Amino acid sequence: MPLHYQPNHPLLAHNSLGIPARCHTYVEAHTPTQIRAACAHAHTQNLPIFVLGDGTNLVIAADYPGLVLRPRIGGIERLAETANTVDLAIGAGENWHKFVRWTLEQNLHGLENLALIPGSCGAAPVQNIGAYGVELAPRVRWVEYIEIASGQTTRRPAADCQFSYRDSLFKGDLAGKVAITRLALRLQKRFQPQTHYPALAEFLADLPTPPSARQVFQAVCTIRRRKLPDPATTPNAGSFFQNPQILRPHYDQLRQHHPDLPGFPQTDGTIKIPAAWLIDQLGWKGRQQNGIGIHARHALILTNPGHRRGPQVLEFAAQIAAAVRTAYGIDLKIEPHILTA
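Given the structure is predicted, the values throughout are model-derived calculations rather than measurements.

J.: Which parts of the structure should I look at to understand the environment of Asn113?
T.: For Asn113, the position within the fold is in the loop between helix 2 (96-105) and helix 3 (124-127). C-alpha of Asn113 to C-alpha of Leu136: the two residues are 23 residues apart in sequence and 10.0 Å apart in space. Ignoring anything within four residues of it in the chain, the contact list for Asn113 reads Ala131, Tyr132, Val134, Gln194, Leu200, Val216 and Val220. Among the polar contacts made by the side chain of Asn113, one reaches the main-chain carbonyl oxygen of Gln194 at a distance of 2.8 Å.

Structure (structure tokens):
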């Protein structure tokens with residue numbers, strides 16, 4: 001299949017936040033060879049390259065003057081198996097939720113709490129996705145990618161991916177330098193429910209026996225659908241701000257004035273604060289302004305029903321961050337990637 005380069009391509013359908021923008025050239029690559037060819041083409045045209053997943057964690061701040069490359073590599077391969085585990089390699093272009101559902105059908109476990117997270121499998125390790133008390137990182141064996149500058153393929157073990165809370169090497173030193181092609185995950189044959197997360201524990205509390213894998217999967221899907229808007233009907237990029245982590249003295253000081261302030265101790269001694277609580281307390285939940293707003297059921301979800309452009313979205317977010325900084329002395333960090341010119 002030859003590469004189909006599309007000039008002056010609209011990106012509205014390629015970002016779940018519904019931001020109207022264009023790129024100089026757009027192309028989809030279905031094999032590693034096509035990725036290398038697309039990168040070589042961009043180099044000959046002196047075009048910068050942006051690797052796009054499903055656009056579910058993206059703010060397009062301006063029209064992009066380069067090549068937007070979307071890897072569509074598919075496939076799921078069994079690599080190794082023991083009495084208790086199975087290692088799988090997954091193509092970067094596979095849809096994450098469909099893959100999670102497939103693992104359930106194969107009686108492979110460990111991803112149930114990560115159901116219904118939008119996006120591609122290739123984007124999952126970049127963000128080190130997590131939900132309802134489970135993160136991807138402990139299940140990753142390796143991540144395979146092509147270096148954009150050289151075309152070289154590298155397989156990096158999980159221990160070298162610098163995974164942390166909603167972060168990884170691919171958002172740090174390798175940001176913008178690689179195109180992920182595959183990742184390998186180790187899943188369990190025996191289901192061990194992870195239901196300590198409060199919302200999930202409450203949902204499953206009335207069950208007479210420990211939940212099955214399918215019950216946890218369905219519970220997560222139900223909770224997410226109740227709380228989070230569907231990007232197909234309400235443009236959004238999921239959680240727009242990360243939950244900040246602050247030092248214990250700062251937290252103790254805030255509790256003197258805000259005794260209901262929730263906080264969750266971390267292994268590094270910091271306290272994680274729910275950003276949604278901070279935003280909600282300041283009256284932003286449900287507020288709309290010039291076609292942009294905060295969802296009425298979840299204060300972390302910034303919506304763009306008016307299809308406003310990137311600078312307007314970022315200005316609205318900046319107002320929220322400034323309000324939180326003034327009230328609590330806490331800096332909020334935007335979670336989605338911001339694509340600039």
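J.: Would you mind going over the pairing of strand 12 (residues 178-188) with me for this structure?
T.: For strand 12, the tally of buried residues reaches 8 of 11 residues, placing the bulk of the element in the interior. With 7 bridges connecting them, strand 7 (residues 85-91) and strand 12 associate as antiparallel partners. Looking across to strand 12, one finds that Gly91 is bridged to Arg182. Of the pairings in the sheet, the one linking strand 10 (residues 140-147) to strand 12 comprises 7 bridges and is antiparallel in character. Looking across to strand 12, one finds that Tyr145 is bridged to Ile180.

J.: Can you walk me through the sheet that holds strand 1 (residues 6-10) in this structure?
T.: In sheet architecture, strand pairing relies on hydrogen bonds along the backbone and comes in two forms, parallel and antiparallel. In space, the 4 strands of this open sheet follow the order 1-2-5-3, with mixed pairing throughout. Looking at the sheet topology across the chains shown, the edges are occupied by strand 1 and strand 3 (49-51). The mean angle between the axes of side-by-side strands here comes to 40°, regardless of whether they run parallel or antiparallel. Of the strand pairs in this sheet, strand 2 (residues 22-29) and strand 5 (residues 64-71) are connected by 6 bridges, and their pairing is parallel.

J.: Would you mind showing me how to read the packing of aromatic side chains here?
T.: Remark: the centre distance and the inter-plane angle together describe each pair of aromatic rings, the angle taken between the planes. If you walk through the whole model with that rule in mind, you get 8 aromatic pairs. Plain terms: the ring middles of Trp277 and Tyr328 are 6.3 Å apart, the flat faces sit at 55° to each other, and that makes the pair tilted. In this pair, Trp277 sits in helix 7 (residues 275-281) while Tyr328 sits in helix 8 (residues 310-328), placing the two residues 51 residues apart along the sequence. Considered together, Trp277 and Tyr328 belong to a single accessibility category, that of buried residues. On the numbers, 5.7 Å between centres and 85° between planes, the contact of Trp284 with Phe316 is edge-to-face.

J.: Mind showing me how you'd approach the sheet that holds strand 11 (residues 153-157) here?
T.: An order of 6-7-12-10-11 is seen for the 5 strands of this open sheet, with the pairing classed as antiparallel. In the strand order of this sheet, the two ends are held by strand 6 (76-81) and strand 11, each with one partner. Neighbour-to-neighbour, the strand axes of the sheet open up by a mean angle of 20°, direction not taken into account. Two elements, strand 10 and strand 11, share 5 bridges in a ladder whose sense is antiparallel. Residue pairing in the sheet places Trp142 in a bridge with Pro157 of strand 11. The sheet strands contacting helix 1 (residues 32-44) are strand 10, strand 11 and strand 12, and the helix crosses strand 10 at an angle near 40°.

What counts as what
Residues numbered from 1 in each chain as written. Predicted model: local features only at pLDDT ≥ 70, side-chain atom pairs only at ≥ 80, totals over all residues. Heavy atoms only, no water. Helix = DSSP H or I, 4+ residues; strand = E, 2+ residues; numbered from the N terminus. Contact = heavy atoms within 4.5 Å. Polar contact = N/O pair within 3.5 Å; in protein donor to acceptor, adjacent residues only side chain to side chain. Buried < 20%, exposed > 50% of the residue type's maximum accessible area, 1.4 Å probe, protein only. Pairing = 2+ DSSP bridges. Axes fitted to C-alpha atoms, helices over the stretch in contact; angles between N-to-C directions. Phe/Tyr/Trp six-rings, centres within 6.5 Å; stacked < 30°, edge-to-face > 60°.

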